[in-house]
Amino acid sequence: MFSMLIRSGILVCSLFLGSCMKPRPAEDLSNQDLKVSDSEAISQSTRAPLKIDPLILEKRAFKQAPLFAERVARGELPLVSERLPDNPLVVVPVEEIGLYGGTLRRALTDDTVQETAITKTLNENLMGYERPVARSIQLNMAESYRFLDDGKTAIFKIRKGIRWSDGVPFTVDDILFWYYDMIFDENAVTEPLPPNEWLVDGKPMKFEKIDDLTLRISSSKPLGRVLNNLCHDDLAQPKHIWAQYHPRYNPKATYVDFKYRTSVGKLVMQPGIPRLSAWVPIEWVRGQKIVYERNPYYWKVDSVGNQLPYADRLEFNVIPERQMILLKFLNGEIDLVGRNFTIDMVSTAKADEKNGRIRLMKAGPTQGPILYLNWDAPNPALKMAFRERKVRIALSHAINREEINRIAYSDLLVPSGYTFLPANPYYSPETARYYAIYDPDLSRSLLDEAGFPDSDGDGIRELKDGTPFELIIDVINTSGFLDVAELIGEHWKQIGVRVHLNPAKEEIIFPRRMNGEHDIYIWYQKGADPLDTPHLWAIWSSTTPFWHRNASVEGPPWLWDSTELIRRALFTVDPEVRREAMVKVRDLHSEEVPNIGIGFMYKIWGASTRLGNVPVKCSIENNFRGWSRPVFHEQIFIRQNR
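Residues numbered from 1 in each chain as written. Predicted model: local features only at pLDDT ≥ 70, side-chain atom pairs only at ≥ 80, totals over all residues. Heavy atoms only, no water.

## Section: the overall build of the protein chain
- Helix and strand counts for the protein chain stand at 22 helices and 25 strands.
- A compact globule built from 642 residues would reach a C-alpha radius of gyration of about 26 Å, and the protein chain, at 26 Å, matches this within 12%.
- Dimensions along the principal axes, computed over C-alpha positions, put the protein chain at roughly 90 × 60 × 50 Å.
- Per-residue burial over the protein chain gives 57% buried out of 642 residues.
- A sequence separation of at least 24 residues applies to 73% of the contacts in the protein chain between residues at least 6 apart.
- With an accessible surface of roughly 26400 Å², the protein chain has 52% of that area assigned to carbon and sulfur atoms.
- Put simply, the protein chain has 80 plus and 84 minus side-chain charges, and the middle of one group is 4 Å from the middle of the other. (Helix = DSSP H or I, 4+ residues; strand = E, 2+ residues; numbered from the N terminus. Rg over C-alpha atoms; globule rule 2.2 N^0.38 Å. Buried < 20%, exposed > 50% of the residue type's maximum accessible area, 1.4 Å probe, protein only. Contact = heavy atoms within 4.5 Å. Areas by Shrake-Rupley, 256 points an atom, 1.4 Å probe, with all protein chains shown as cover. Lys, Arg positive; Asp, Glu negative; His and termini not counted. Charge placed at Lys NZ, Arg CZ, Asp CG, Glu CD.)

## A word on the confidence of the model for the protein chain
- When pLDDT is averaged along the protein chain, the result is 90, and 93% of the positions lie at 70 or above.
- Taken as a whole, residues 1-42 scores under 50 in pLDDT and shows 86 contacts with residues more than four places along the chain or in a different chain. (pLDDT = per-residue confidence, 0-100.)

## Focus on the sheet that holds strand E5 (residues 142-148)
- A sheet is described by the order of its strands in space; here four strands give the open sequence E5-E6-E10-E9, paired in antiparallel fashion. The sheet terminates laterally at E5 and strand E9 (206-211), the two strands that pair on one side only. Between one strand axis and the next, the sheet turns by 20° as a mean value, whatever way the strands run.
- As paired elements, E9 and strand E10 (residues 214-218) share five bridges and run antiparallel to each other. Among the inter-strand pairings, Asp211 is bridged to a residue of E10, identified as Thr214.
- Those strands touched by helix H6 (residues 172-183) are strand E6 (153-158), E9 and E10, and its axis lies near 165° from that of E9. (Pairing = 2+ DSSP bridges. Axes fitted to C-alpha atoms, helices over the stretch in contact; angles between N-to-C directions.)

## A short note on the environment of Tyr100
- Positionally, Tyr100 belongs in the loop between strand E1 (89-91) and strand E2 (103-108).
- Look at Tyr100 and you get partly exposed, because its relative accessible area is 23%.
- Here the alpha-carbon distance between Tyr100 and Gln307, two residues 207 residues apart in the chain, equals 9.7 Å.
- At 3.5 Å, the side chain of Tyr100 forms a polar contact with the backbone oxygen of Lys63.
- Within the structure, Tyr100 has its side chain in polar contact with the backbone oxygen of Gln307 (distance 2.6 Å). (Polar contact = N/O pair within 3.5 Å; in protein donor to acceptor, adjacent residues only side chain to side chain.)

## Examining the sheet that holds strand E19 (residues 470-476)
- Spatially, E20-E19-E21-E17-E22 is the arrangement adopted by the five strands of the open sheet, whose pairing is mixed. Strands at the two margins of the open sheet, each flanked by one partner only, are strand E20 (498-504) and strand E22 (596-597).
- When E19 meets strand E21 (residues 520-524), the two strands line up parallel, connected through two bridges. Following the sheet pairing, Asp474 is matched in E21 by Tyr521.

## Description of H6
- Its 12 residues place the ends of H6 16 Å apart at the C-alpha level, agreeing with the 16 Å of an ideal helix rising 1.5 Å per residue.
- Along H6, 10 of the 12 residues are buried, which leaves the element largely enclosed by surrounding structure. (Expected span 1.5 Å × (residues − 1).)

## A look at the packing of aromatic side chains
- Using the criterion set out here, one finds 33 aromatic pairs in the structure.
- Ring centres of Tyr129 and Phe624 lie 5.0 Å apart, and the angle between their planes is 70°; this geometry places the pair in the edge-to-face category. Here Tyr129, found in strand E3 (residues 127-129), pairs with Phe624, found in the loop between strand E24 (611-612) and strand E25 (637-638); they are 495 residues apart in sequence, far enough to count as distant.
- You can call Tyr129 buried: its relative accessible area is 8%.
- Here the aromatic cluster, defined as three or more aromatic residues joined through ring pairs, consists of Trp178, Tyr179, Tyr180, Phe184, Trp198 and Phe207.
- For Lys221, the ring lying beneath its charged end belongs to Phe571, and the centroid distance is 4.8 Å.
- Here the basic side chain of Lys362 rests over the ring of Tyr602, its NZ or CZ set 4.2 Å away from the ring centre. (Phe/Tyr/Trp six-rings, centres within 6.5 Å; stacked < 30°, edge-to-face > 60°. Lys NZ or Arg CZ within 6 Å of the ring centre and 35° of its normal.)

## Describing the pairing of strand E17 (residues 369-373)
- Among the five residues of E17, five are classified as buried, and the element is accordingly described as predominantly covered.
- Side chains Pro369, Leu371 and Leu373 project from E17 onto one buried face, and the interleaved Ile370 and Tyr372 project onto a second face that is buried too.

## Observations regarding unusual backbone geometry
- In this model, Arg131 is joined to Pro132 through a cis peptide bond whose omega is 5°.
- Counting through the fold element by element, Pro132 comes out in the loop between E3 and strand E4 (137-139).
- In this structure, Pro545 follows Thr544 across a cis peptide bond, with omega equal to 0°.
- Structurally, Pro545 can be placed in the loop between E21 and helix H20 (551-554).
- Phi is positive for Asp149, close to 55°, though the residue is something other than glycine.
- Along the chain, the position of Asp149 falls in the loop between E5 and E6.
- Take Asp149: its relative accessible area is 51%, and that puts it in the exposed class.

If you want it as structure tokens, here you go:
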């Protein structure tokens with residue numbers, strides 16, 4: 001609070017001095033590309049061995065689930081020592097060595113809309129963000145990598161012996177098929193636009209096969225983001241399955257049929273398609289449930305040599321109503337609730353936690369509400385007002401964030417301004433406080449000086465064309481932000497700005513946002529990793545960022561500086577160069593406050609106490625694969641089957 005008061009004092013002084021003093025940037029000492037700034041992200045202590053006994057690896061003395069031991073005895077599967085790779089990935093459980101058996105039960109509101117929840121739970125790639133807290137990027141299916149040519153080339157070596165769930169070896173050919181025959185074959189791709197993360201200056205990175213287990217990725221510029229890209233969704237598809245349906249390999253095949261078979265939903269939910277994940281689909285009843293069973297060739301072991309996962313099955317039940325999901329969770333019919341757990345459920349769940357059947361965890365703080373101002377608003381006078389920095393600062397100081405936290409968030413909101421999120425490696429607590437103190441008197445002074453008076457004394461200021469200073473806040477009516485927008489409307493009324501709300505369905509609000517038809521759009525604040533979303537922080541195309549669609553023609557100098565810095569950060573493999581650039585990007589946006597942050601939210605999620613190895617803390621940002629991946633399902637076990 002003291003720092004906020006100092007910040008306000010600086011602004012008041014600047015009004016009289018006729019200049020704006022720049023705050024001293026916060027010092028950031030970490031040299032890591034990923035770290036957790038939030039002190040609450042504390043690791044759990046584990047009773048499991050921290051390293052596997054080398055003799056287990058040398059003698060191939062691995063253990064397996066009883067389900068597979070029976071199949072081996074019947075001659076249906078090879079020995080577990082033959083199913084695992086030469087160098088399996090060793091996972092240290094977060095608490096203890098687990099037990100085999102049972103079913104992990106989750107819920108989706110819709111199987112065709114929320115397939116990303118399944119994808120993020122199951123996806124495997126060459127690299128992976130550290131779990132449960134994304135403090136680093138770690139080896140996954142790759143056992144090594146190196147950069148060459150000043151970072152323009154990267155060589156990845158795949159673990160020898162990884163197999164698809166049907167026993168067929170996984171090779172670089174499966175990666176090249178996914179890359180060239182699916183996502184960069186315009187006739188086969190199921191998405192409308194090519195994946196931006198694999199483009200450099202509009203051209204795809206080059207993928208090449210050195211041998212069956214060695215992949216070379218190269219580009220005209222340093223591959224500054226390639227490790228992050230290799231932490232995201234699946235990098236490969238089984239060529240031995242899909243080639244027969246692809247016209248490039250089968251003249252009788254059609255692209256229409258290929259695209260139908262390889263839709264995102266089918267790839268992740270359709271039984272019979274080999275996978276590299278811990279579980280593979282065995283049943284899909286559309287609109288009801290998707291059931292997965294353990295993968296006999298999964299390539300990870302715990303630190304005593306048990307093949308993972310511990311649970312035999314992973315089941316997703318389709319339950320359209322979130323309140324019904326809560327009820328089933330409290331009744332012990334669902335084990336894990338994350339993305340579908342909302343703030344209004346907290347009090348009910350907290351009361352039920354006392355019976356000992358569930359446990360609630362707090363993750364974050366992470367993305368909270370933000371007001372995206374349209375720098376190209378349809379009303380020219382309002383557009384010019386938004387482009388004045390003093391107006392934006394005034395609007396920010398006029399918001400009573402503590403009141404919003406108390407009324408709308410049950411004290412789960414950390415008030416802040418517009419800046420990077422706490423999970424960002426370049427986050428600064430100091431810049432998070434910029435313009436976040438509630439000071440309506442300062443707001444009124446700033447608006448007066450900027451030339452927006454209340455000339456007729458009706459309580460509403462005038463824009464510079466003489467019309468009332470009024471605006472519309474677009475709110476998706478299922479977002480949970482309506483109460484927040486209403487409170488902000490009351491706060492701004494006190495400084496002479498009239499607010500109208502436009503609550504509507506997403507299919508109405510989102511096109512208005514994309515077409516630049518809004519005044520202000522309230523949504524979640526991004527910033528866990530701006531390099532993953534440069535189009536929000538830089539002039540990345542002729543119509544970005546969406547809050548300033550004309551920035552490529554009319555963008556302010558500081559936004560062009562931000563754009564150049566982000567390009568510098570993206571195309572380097574030197575963490576110090578990246579850090580220096582991104583700290584400057586953070587400071588530019590925090591100081592210029594192009595949009596108005598409200599705060600960072602804690603996310604409450606829950607787990608049944610029948611589960612072991614549930615992480616107490618985890619990353620939940622979408623950049624790090626949301627909540628699903630960091631929860632680390634393959635090392636969770638069932639304490640008591642029921």
